Amino acid sequence: MTKLRSIGTAVGLTALLAAPIMASGNLLTNGGFESTPALTNSAGGWGFFSPDQVDGWDTDGNNIEIWSSGFGGVNADEGEQFAELNAHPKTGSAFTLFQDIVTNIGQSYELSFAYRARSGSGTESFNVAAGDLSLDIANTSANDWTTYSGIFTASSETTRLLFTSVSPETNTFGNFLDDVSVIAKVPEPGSLALLGLGLAGLGLSRRRKS
């Protein structure tokens, strides 16, 4: 698994008492691109849809292209479907695929997704951005999926996860995506209990001194 980015180690009392963390469920809707209309292409293997037909996801005016696992010799990373970022054009601009999620300011989240090139020509790349994370991803492998993960911190109550085609920017060929997730990192219950006990002890100590 390739690490996109990590946040610096926290300091202070809270970091010492609540260092262990666990993950919550996926905050994204339809992260595996399974919830779409039936694929009606004559080969039964792909279709393009307006954003309002694909649960959770939106674009900057272009359609969203969905492939069925096995079509063209490409199996999904998970489930039975996946998306191609470079899709059916309507605007002539760079392709985007995004989803807005409810977040807590200052909260850390783990983003992960699977990516696979279509052509293997070495010319496919895209940018992924969320919160304070922004990175160009290039992967020339058209034979296997690669899973990427990284941590971002939310700076607002709504955070946009945005994929944007870089190369090819407007050509309809390339950049497969699948199994996308955003998971909040939260303290484990045991750590919360320890933190509560620690703070209670501090309060008791203060009362005794006063």
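Residues numbered from 1 in each chain as written. Predicted model: local features only at pLDDT ≥ 70, side-chain atom pairs only at ≥ 80, totals over all residues. Heavy atoms only, no water.

Asker: Account for the overall build of the protein, with residues named and values stated.
Answerer: Each helix and strand in the protein was counted, giving 2 helices and 12 strands. Beginning at the N terminus, the succession of helices and strands in the protein can be written as β-α-β-β-β-β-β-β-β-β-β-β-β-α. Across the 210 residues that make up the protein, the buried fraction comes to 41%. For the protein, the share of sequence-separated contacts (at least 6 apart) that also reach a separation of at least 24 residues comes to 74%. Carbon and sulfur atoms provide 52% of the accessible area of the protein, an area that totals close to 10,400 Å². (Helix = DSSP H or I, 4+ residues; strand = E, 2+ residues; numbered from the N terminus. Buried < 20%, exposed > 50% of the residue type's maximum accessible area, 1.4 Å probe, protein only. Contact = heavy atoms within 4.5 Å. Areas by Shrake-Rupley, 256 points an atom, 1.4 Å probe, with all protein chains shown as cover.)

Asker: Any details on the pattern of salt bridges? Residues and values, ideally.
Answerer: This structure, assessed with the given rule, holds 3 salt bridges. Notably, a salt bridge pairs E110 with K185, separated by 3.4 Å at the nearest N-O pair. With E110 in strand β7 (residues 108-116) and K185 in strand β12 (residues 176-187), this pair connects stretches of sequence that are 75 residues apart. (Salt bridge = Lys/Arg side-chain N within 4 Å of Asp/Glu carboxyl O.)

Asker: Now, about the nonpolar core: what can you tell me, with residues and values included?
Answerer: Among the nonpolar cores identified, the biggest contains 31 residues, and W57, F113, L161 and F163 are the most heavily contacted of them. Counting residues per element, the ones that place at least two in this core are β4 (64-68), β6 (96-102), β7, β8 (125-130), β9 (133-138), β10 (146-153), β11 (158-167) and β12. Setting aside residues no more than four positions away along its own chain, F163 makes contact with W57, L85, F95, T96, L97, F113, F126, N127, V128, L177 and V180. Counting residues in each nonpolar core, the second largest holds 7 residues, with F82, A114, W145 and F176 among its members. (Core = buried A, V, L, I, M, F, W, Y, C linked by side-chain atoms within 4.5 Å.)

Asker: Go over empty space enclosed by the protein with me, naming the residues and quoting the values.
Answerer: A water-sized probe, rolled over the atoms, reveals where empty space remains. Across all of its chains, the model carries 1 cavity of 30 Å³ or more by this definition. One number sums up the size of the largest cavity: a volume of about 30 Å³. In terms of lining residues, the largest cavity is bounded by T59, N63, I64, E65, E84, L85, A87, T96 and L97. Taken together, the residues of the lining of the largest cavity break down into 4 nonpolar, 3 polar and 2 charged. (1 Å grid on protein atoms, 1.4 Å probe; cavity = no way out; pocket = protein on both sides within 12 Å on 5 of 7 lines; lining within 4 Å. Points joined across faces, edges and corners; volume = space filled by probe spheres on them. Nonpolar A, V, L, I, M, F, W, Y, C, P; charged D, E, K, R; others polar.)

Asker: If you had to explain the environment of Y148 to someone new, which residues and values would you point to?
Answerer: Tracing the backbone shows Y148 in strand β10. Taking the relative accessible area as the measure of exposure, Y148 reaches 7% and is therefore buried.

Asker: Tell me about the sheet that holds β9, and please be specific about residues and values.
Answerer: Strands pair in a sheet through their backbones, by hydrogen bonds, and they do so in one of two ways: parallel or antiparallel. In spatial order, the strands read β6-β11-β8-β9; together these 4 strands make up an open sheet with antiparallel pairing. The open sheet is flanked by β6 and β9, the only strands paired with a single partner. When the angles between neighbouring strand axes are averaged without regard to direction, this sheet yields 15°. (Pairing = 2+ DSSP bridges. Axes fitted to C-alpha atoms, helices over the stretch in contact; angles between N-to-C directions.)

Asker: Can you break down the packing of aromatic side chains residue by residue, with the values?
Answerer: The full count for this structure, using the stated rule, is 14 aromatic pairs. Look at W145 and F176: their rings are 6.5 Å apart centre to centre, the planes differ by 45°, and that puts the pair in the tilted class. Here F176 lies in strand β12 and W145 lies in the loop between β9 and β10, a separation of 31 residues in the sequence. On the basis of relative accessible area, W145 is assigned to the buried category, the value being 16%. (Phe/Tyr/Trp six-rings, centres within 6.5 Å; stacked < 30°, edge-to-face > 60°.)

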